[in-house]
Amino acid sequence: MTAPIFVFSLPRSGSTLAQRILASHAEIATVAEPWLLLPFVYALRNDGVYTEYAQSTGAKAIQDFIRELPAGKGDYYAALRELALRLYGSASGNKSQYFLDKTPRYHLIIKEILEIFPEAKCIILWRNPLAVAASIVRTWARNERWITHRYNIDLYKGVENLVEAVDAKPDRFFHLRYEHMVTEPETVWPSVFSYLGLRYDPFVLERYSGVQFSGSMGDPTGNRKFSRISSDSVDDWVSAFDTPLRRAWARRYLAWIGSDRLRTMGYDENELQHALIGAPSCRVPRLLSDALFMTVGALHGPLDLSGVKRQALRTLSRRRSYAVT
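Attention in this report is confined to the structure presented alongside it.

Criteria and cut-off values
- Residues numbered from 1 in each chain as written.
- Predicted model: local features only at pLDDT ≥ 70, side-chain atom pairs only at ≥ 80, totals over all residues.
- Heavy atoms only, no water.
- Patch = residues over 30% accessible without salt bridge, like charges linked within 9 Å, V, L, I, M, F, W, Y side chains within 5 Å.
- Areas by Shrake-Rupley, 256 points an atom, 1.4 Å probe, with all protein chains shown as cover.
- Salt bridge = Lys/Arg side-chain N within 4 Å of Asp/Glu carboxyl O.
- Helix = DSSP H or I, 4+ residues; strand = E, 2+ residues; numbered from the N terminus.
- Buried < 20%, exposed > 50% of the residue type's maximum accessible area, 1.4 Å probe, protein only.
- Pairing = 2+ DSSP bridges.
- Axes fitted to C-alpha atoms, helices over the stretch in contact; angles between N-to-C directions.
- Contact = heavy atoms within 4.5 Å.
- Left-handed = near helix turned anticlockwise from the far one by under 90°.
- Nonpolar A, V, L, I, M, F, W, Y, C, P; charged D, E, K, R; others polar.

**Considerations on a nonpolar patch on the surface**
Okay, so step 1: Side chains of Phe40, Leu83 and Leu87 sit close together on the surface and give an oily, nonpolar patch of about 210 Å² of accessible area.
Okay, so step 2: Inspection of the secondary structure assignment puts Leu83 in helix H4 (residues 73-91).
Okay, so step 3: Classification of Leu83 by relative accessible area gives partly exposed; the value is 32%.

As structure tokens, then:
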């Protein structure tokens, strides 16, 4: 039976490059981003998802049903595991040893995945968190608008979830750092394939550029940017922090992550803080744009418009559940 490989990371961490290199091996099948497991795990959660049929009521009903199963949640997870493995096998044509599921938002359910798939190979891919933020802004706002507040679920909750999972079960993960992946590929990748129990073929570092994924998900720049492995992106994140406001945001973000979590991720807080000193300065319009979007971001927390929306949806869901009952 096809076995799963999970790559856990934040968005914009180089996971698509890693996926393409891994998929260059004949024994690893994959698709762009399955997102397969999220709805099945969230089916048991009262919050975090809205459905027409009233999520909180549905979750309660499913939990009631699960309590009647001989092994309770264990039976639900076992059935989910069987379903996922069957689908992974079908997607690979039942010809590959592994199916690689690379879904960045799996950081939201990483604990459940570790429980559902106790034997799965798990690669955790780290990237300098400031480089992640810079890549978000460059990719989805052309570096003109500081829109990181739209990705707080990843920049904050994602970091928290990934670090907590590693601290709780360190032996479950193979650690891979983006910076090493692109600067020392001949050293890094033999270790990755050894962890997977596969023979390393050095030509994967050439073949990967021809790997294409169907579907609409995944890195919108990867096919263009990574026609060859380059270390240019390791240090160019600094240039994205070209206003005093962006550098102040970066310092606050690093302080929030803290030296302990950064150490788990493989980074030194002082080194990252020092790197910001060399950031260039920008033109005045960029500074004004930052002031505007950071004000919006600051209001996003206290006003928590998304929270207001969630509360409204919960209220609507409860009203629908009353109608159902």
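**Considering the sheet that holds strand E5 (residues 173-177)**
Sheets are built from strands that pair by backbone hydrogen bonding, the pairs being arranged parallel or antiparallel.
Okay, so step 1: A sheet is described by the order of its strands in space; here five strands give the open sequence E2-E3-E1-E4-E5, paired in parallel fashion. Looking at strand neighbours, the two that pair on one side only are strand E2 (28-30) and E5, the edges of this open sheet. Averaged over all pairs of adjacent strands, the angle between their axes in this sheet comes to 30°, without regard to strand direction.
Okay, so step 2: Bridge analysis of strand E1 (residues 3-8) against strand E3 (residues 98-102) gives five bridges, and the strand direction is parallel. Across the sheet, the residue bridging to Ala3 is Tyr98, located in E3.
Okay, so step 3: Its contacts with the sheet place helix H9 (residues 185-195) against E2, strand E4 (121-126) and E5, and it is angled at close to 165° to E5.

**Description of the packing of helix H1 (residues 15-23) against H9**
Okay, so step 1: Running from N to C, H1 and H9 cross one another at 65°; their axes reach a closest spacing of 12 Å. Crossing of H1 over H9 shows right-handed handedness. Counted together, Ala18, Ile21 and Leu22 of H1 and Trp189, Val192 and Phe193 of H9 form the full contact between these two elements.
Okay, so step 2: Counted by class, the contact of H1 with H9 contains six nonpolar, no polar and no charged residues.

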